[in-house]
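Working through the structure, step by step
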Amino acid sequence: MKKQIIALMAVLCVVTKGQSQSMYLGALVIDANAGIEGMSTEYNYRYKNLSIEKDTTIKDGAANSNFSFGAEVGLAKWISVGGRAKFNTYFTSEDKVTKTRPDAHSFEVLGTLNLHITHNKHFNLLFGGNMGYSGLTYNSNDVNKTSVEGKGTYADLHLTARVYIRRFGFHVSAYTPFVSYNNMTSNNDVFNSYIVAKWKGQGFGMNIGVQYRFFSVRKDLIN
């Protein structure tokens, strides 16, 4: 009887092996989250087409609230790839002279690579990165309606913990963002004619969200 019980347990382990994983080949996971990030920044500008050359770098800080959504496909129980869209709204302060408050926002379109460190039935710990395009718009809201736009790159390294209740779950993530705009232009022609401006930042962010997993594991592709 004891041998039969052991044999039955072994069969059950084999049958449920794939189903006990939160990530596997062919799994499709979609997620949405909201978060906040803060960065130390550098704004560099120099004059061009002038007899006087001046190169200035201003160090400052920036913070934003953000929302993102994405999808990823499992290539194995330990690796997945996907894509993400992220939208950021920066916190700004009122100008002491004009008494107006500028607004600044940006968006990213990113590719994703995740390595799944722990991937059991109810818990998934992953380490990964996002990288892709970023666009920034800054509106001064002054009488001239001056705006500045930046085009550049965004990347991050993140550590995410996911908890599952069957297919549905929630997650929390900590990450380090890097953003760089090497091509900043304005609706002010004088700015475009005489100023070359660059802006970059890096810092720390956190977000929380929910996810849902589609497709069951295929028995012939258990990995």
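Residues numbered from 1 in each chain as written. Predicted model: local features only at pLDDT ≥ 70, side-chain atom pairs only at ≥ 80, totals over all residues. Heavy atoms only, no water.

1. Regarding unusual backbone geometry
For the record, the criterion: For the purposes of this entry, the term helix denotes a DSSP run of H or I that reaches at least four residues, the term strand denotes a run of E that reaches at least two, and both are numbered from the N terminus.
Not every positive phi belongs to a glycine, and Asn141 is a case in point at roughly 60°. Despite not being glycine, Arg166 has its phi angle at roughly 60°, a positive value. Mapped onto the secondary structure, Arg166 falls in the loop between strand 6 (147-165) and strand 7 (168-186).

2. A word on the pattern of salt bridges
For clarity, the threshold we go by: The rule for a salt bridge is simple: a side-chain nitrogen of Lys or Arg has to be within 4 Å of a carboxyl oxygen of Asp or Glu. When a residue's accessible area, from a 1.4 Å probe over protein chains only, is under 20% of the maximum for its type it is buried; when over 50% it is exposed; and in between it is partly exposed.
Taken as a whole and assessed by the stated rule, the structure comprises 5 salt bridges. Glu108 serves as the salt-bridge partner of Lys86, at 3.4 Å between the closest nitrogen and oxygen. Placement of Lys86 in strand 3 (residues 79-90) and of Glu108 in strand 4 (residues 103-119) is noted, with a sequence separation of 22 residues between them. In this structure, Lys86 and Glu108 share a single accessibility class: buried. Salt bridges sharing common partners tie together Glu37, Lys86 and Glu108.

3. Considering the pairing of strand 6
Selection rule: Two strands qualify as a pair provided DSSP detects at least 2 bridges between them.
One ladder, built from 17 bridges, connects strand 5 (residues 123-139) with strand 6; its direction is antiparallel. From the neighbouring strand, Tyr138 faces strand 6, where its bridge partner is Val148. Where strand 6 and strand 7 come together, 18 bridges link them in antiparallel fashion. In the strand pairing of strand 7, Thr153 is matched with Ser180. Linking strand 6 to strand 7, which pair antiparallel, is a turn of 2 residues; within it Arg166 sits at a positive phi near 60°.

4. A look at the side chain of Ser134
Selection rule: N or O atoms closer than or at 3.5 Å make up a polar contact, with two conditions inside protein: a donor-capable atom paired with an acceptor-capable one, and, for residues adjacent in sequence, both atoms drawn from side chains. Residues are treated as being in contact if the distance between any of their heavy atoms lies within 4.5 Å.
Inspection of the secondary structure assignment puts Ser134 in strand 5. Overall, Ser134 belongs to the buried group, its relative accessible area being 0%. Among the polar contacts listed, one links the side chain of Ser134 to the side chain of Glu108, at a separation of 2.7 Å. Here Tyr181 takes part through its side chain, which lies 2.7 Å from a polar atom of the side chain of Ser134. Among all residues touching Ser134, those that are not within four sequence positions of it are Phe107, Glu108, Gly150, Lys151, Gly152, Thr153, Tyr154, Val179 and Tyr181.

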